Amino acid sequence: MGNKSRYTGWSPSRWRAWQDCEKKYYFTYVKRAEVPITAEMAAGLMRHMRMLQFYKEDGSPKYKSAETFANSVKGPWIIEVVENSEIAGRKIKWRDPQEPYRTLEVMKRDLRAIYEPYSQEAPPLFTEQRFKVVIPSKSGYFCFVGRFDEIRLGERLAVRDHKSGLLIPEPEELAENEQFTIYSLALASLIENGNLERMLHTLRRPEDVKEKALGVARELRGLSLVEIAQNLDLEYHNMRTGGIIQVPRRTQESFDSLIAKVSEAERKISENYNSNIWQVNEDSCPKCVFANICDRKSQVMGEPTLFSLVNESRIAQEVQDGLRSDSFYIPVKQKEKVPKLPFPRQSRKKVNV
Ligand code: SF4
């Protein structure tokens, strides 16, 4: 029996996996099963990568037109993704040899749609900014980790999240979406403990932009987490249409509900490690990447694994102590090499399906 108590905190994707299906959580975070991702998932990752390249350092769009931005996806997609059937270290399973090229056309159409609204806006303050925060509560300390797709400054500070799904969520759904609750809590925490100000001091942007952002962050510092959250905008950016939807701001109730659910999840995970039972949720099966390896049974074969939430709490406490330093945010380098393009014949031969 091994001890699997290494605690990495709750990322939005870890939380989503837990909520989708306990067995999916088991495959992803306990067994760490590696399965190929779909073309849609690969395209979602590629759209995120293209967004990182949208602006020059001076804040103007890097691409002259929607068409040049759309065409910019061709090189990285064909050379880096299609040739190896891999993106960000994950293998891709294509449905048929033409799927990579159909997907390319869909991505180009989406990037054309994104170009217009994005070229009218100022660049974000931060992109792909990693965070790790620990939130104290009556039930203990809870650690949240992840990346903000963008932190922006408009009338207020805002978190913008890029989404690749075709379905536009209803406002009620967005009000309850816990991924946005995690973002709101995390940015409020960075502001509350002064770390956002430290990050802003390192920002390579015009002085007036930095001063304005610092002024907003300073005004909020000293307020409670929920008061800060009430002053933050949350934005859902649909990367299929270029549309941006305002997400309702988070309240004390949103935070309390998230913490209560996470607390219960940690208790249940501890129990599952010991019983080797991870409840299946067959409603999630049609979209699950583990569909081909999963037997749809809750019982997992093999010896139970020792797992202790006492360890998790202790480690979370250590991270809390570390909050006094500013070592938990990591600036991201955004340079990208765009390869030459042998599109399409040579690479088509190499598609693995
Ligand atoms: S295939 Fe279904 S039961 Fe199995 S992990 Fe995925 S969602 Fe859960």
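Note that this is a predicted model, so its numbers are computed, not measured.

1. Thoughts on the sheet that holds strand β5 (residues 157-163)
Taken together, five strands build an open sheet; the order of strands is β3-β4-β5-β6-β7 and the sheet is mixed. The open sheet has two edge strands with one neighbour each: β3 (126-137) and β7 (244-247). With direction set aside, neighbouring strand axes in the sheet form an average angle of 40 degrees. Here β5 pairs with strand β6 (residues 233-238) via six bridges, running parallel. Residue pairing across strands places Arg160 opposite Glu235, the latter belonging to β6.

2. Focus: the site of the ligand
The environment of the ligand is formed by 14 residues, the closest being Cys21, Val280, Cys285, Cys288 and Cys294. Grouping the constituent residues of the shell around the ligand by class yields eight nonpolar, two polar and four charged.

3. A short note on the pairing of β5
Sheet topology places strand β4 (residues 140-153) next to β5; four bridges connect them, and they run antiparallel. In the strand pairing of β5, Arg152 is matched with Ala158.

4. With respect to the nonpolar core
With 47 residues, the main nonpolar core has Phe144, Ala186, Leu187 and Leu232 as its most contacted residues. A per-element tally of this core places helix α8 (residues 178-192) first, with nine residues. Once you skip the residues sitting within four places of it in the chain, Leu232 turns out to touch Arg156, Leu157, Ala158, Val159, Ser184, Leu187, Ala188 and Arg249. Ranked by size, the runner-up nonpolar core spans 24 residues in total, among them Met46, Ile87, Leu104 and Leu111.

5. A word on the confidence of the model for the protein chain
Looking at the protein chain, the pLDDT average stands at 85 and 83% of residues meet or exceed 70. Note on residues 308-316: pLDDT under 50 across the span, and 15 contacts to partners over four residues away in sequence or across chains. Note that pLDDT drops below 50 for residues 318-350; the model gives that stretch 41 contacts with residues more than four away or on any other chain.

Here is what the cut-offs are and how they apply
- Residues numbered from 1 in each chain as written.
- Predicted model: local features only at pLDDT ≥ 70, side-chain atom pairs only at ≥ 80, totals over all residues.
- Pairing = 2+ DSSP bridges.
- Helix = DSSP H or I, 4+ residues; strand = E, 2+ residues; numbered from the N terminus.
- Axes fitted to C-alpha atoms, helices over the stretch in contact; angles between N-to-C directions.
- Near = placed C-beta within 6 Å.
- Nonpolar A, V, L, I, M, F, W, Y, C, P; charged D, E, K, R; others polar.
- Core = buried A, V, L, I, M, F, W, Y, C linked by C-beta atoms within 7 Å.
- Buried ≥ 20, exposed ≤ 12 C-beta atoms within 10 Å, placed from the backbone.
- Contact = placed C-beta atoms within 7 Å.
- pLDDT = per-residue confidence, 0-100.

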